[in-house]
Amino acid sequence: MVKATPERCFAVATDFESYPEWSSDIQKIDVLSRDDQGRGTSVRFWAEAMGRSTQYTLDYDYAEAPAALHWHLSEGDIERSLVGEYAFEAIGDQTELVYRLTVVLRVPMPGFVRRRVEGRILGAALQQLKTRAES
């Protein structure tokens, strides 16, 4: 649970330019395109992943905003597919934050290694977004 409103959580999740300030794996961000409300619709990320640098571009869908934020990979150097979602649900004066992520890499990886990497990514992303939203 996050001690912030769903709107605050959504605002943090969509403030892409600030990700390098609070997300430990993100090194740099470039918003490539925006919708008519100024929200990033195509965003390039430079990140540290599994001990190496990676670059990928995500396309964002705001159809369920501010209750959810969906994205998918449009380009990546080591990723073949990346589909994700944040969901924000008000529970009293707090927010239940759900993060779903499916990653397929270009290089095959044993299932137990993939699950460990996904778990690390999910855990870190949830905790870091929570910390930022509550600040």
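Right above here is the structure, for reference.
Residues numbered from 1 in each chain as written. Predicted model: local features only at pLDDT ≥ 70, side-chain atom pairs only at ≥ 80, totals over all residues. Heavy atoms only, no water.

Colleague: What am I meant to see in the packing of aromatic side chains here?
Modeller: To describe a pair of aromatic rings, you give the distance between the ring centres and the angle between the ring planes. Applying the stated criterion across every chain, the model contains 12 aromatic pairs. Ring plane angle 85 degrees and centroid distance 6.2 Å describe the contact between Phe10 and Phe88, whose orientation is recorded as edge-to-face. Of this pair, Phe10 sits in helix 1 (residues 6-14) while Phe88 is found in strand 5 (residues 79-91), placing the two residues 78 residues apart along the sequence. Judged on exposure class, the residue Phe10 and its partner Phe88 are both buried. Here a set of aromatic residues connected by ring pairs shows up, and it is made of Phe10, Phe16, Tyr19, Trp22, Phe45, Tyr56, Tyr60, Tyr62, Trp71, Tyr86, Phe88 and Tyr99. Its guanidinium or amino end placed over the ring of Tyr62, Arg39 lies 4.2 Å from that ring's centre, counting from NZ or CZ. Between the NZ or CZ atom of Arg44 and the centre of the ring of Trp46, over which it lies, the distance is 6.0 Å. (Phe/Tyr/Trp six-rings, centres within 6.5 Å; stacked < 30°, edge-to-face > 60°. Helix = DSSP H or I, 4+ residues; strand = E, 2+ residues; numbered from the N terminus. Buried < 20%, exposed > 50% of the residue type's maximum accessible area, 1.4 Å probe, protein only. Lys NZ or Arg CZ within 6 Å of the ring centre and 35° of its normal.)

Colleague: Sorry if this is basic, but what is going on with the pairing of strand 6 (residues 94-105) here?
Modeller: On a regular strand, one side chain projects to one face of the sheet and the next to the other, so that they alternate. Burial of the side chains of strand 6 is restricted to one face: Thr95, Leu97, Tyr99, Leu101, Val103 and Leu105 are buried, whereas none of Gln94, Glu96, Val98, Arg100, Thr102 and Val104 on the reverse face is. Where strand 5 and strand 6 come together, 12 bridges link them in antiparallel fashion. Residue Val83 lies in a different strand from strand 6, and its bridge partner there is Thr102. The antiparallel hairpin formed by strand 5 and strand 6 contains two residues in its connecting segment, where Gly92 sits at a positive phi of about 65 degrees. (Pairing = 2+ DSSP bridges.)

Colleague: Help me out: how do you make sense of the environment of Gln128 in this one?
Modeller: Note that Gln128 resides in helix 3 (residues 111-134). The residues touching Gln128, leaving out its near neighbours within four places in the chain, are Trp22, Ser23 and Ser24. (Contact = heavy atoms within 4.5 Å.)

Colleague: Just to check I follow, could you spell out the nonpolar core for this structure?
Modeller: When a protein is soluble and globular, its nonpolar side chains tend to lie buried together. Within the largest apolar cluster, 34 residues are counted, with the highest numbers of intra-cluster contacts made by Phe16, Tyr19, Phe45, Tyr60, Trp71 and Tyr86. The element best represented in this core is strand 6, accounting for five residues. Sequence-distant contacts of Trp71, defined by excluding residues within four places in its chain, comprise Leu58, Asp59, Tyr60, Leu82, Val83, Gly84, Glu85, Tyr86, Tyr99, Arg100 and Leu101. (Core = buried A, V, L, I, M, F, W, Y, C linked by side-chain atoms within 4.5 Å.)

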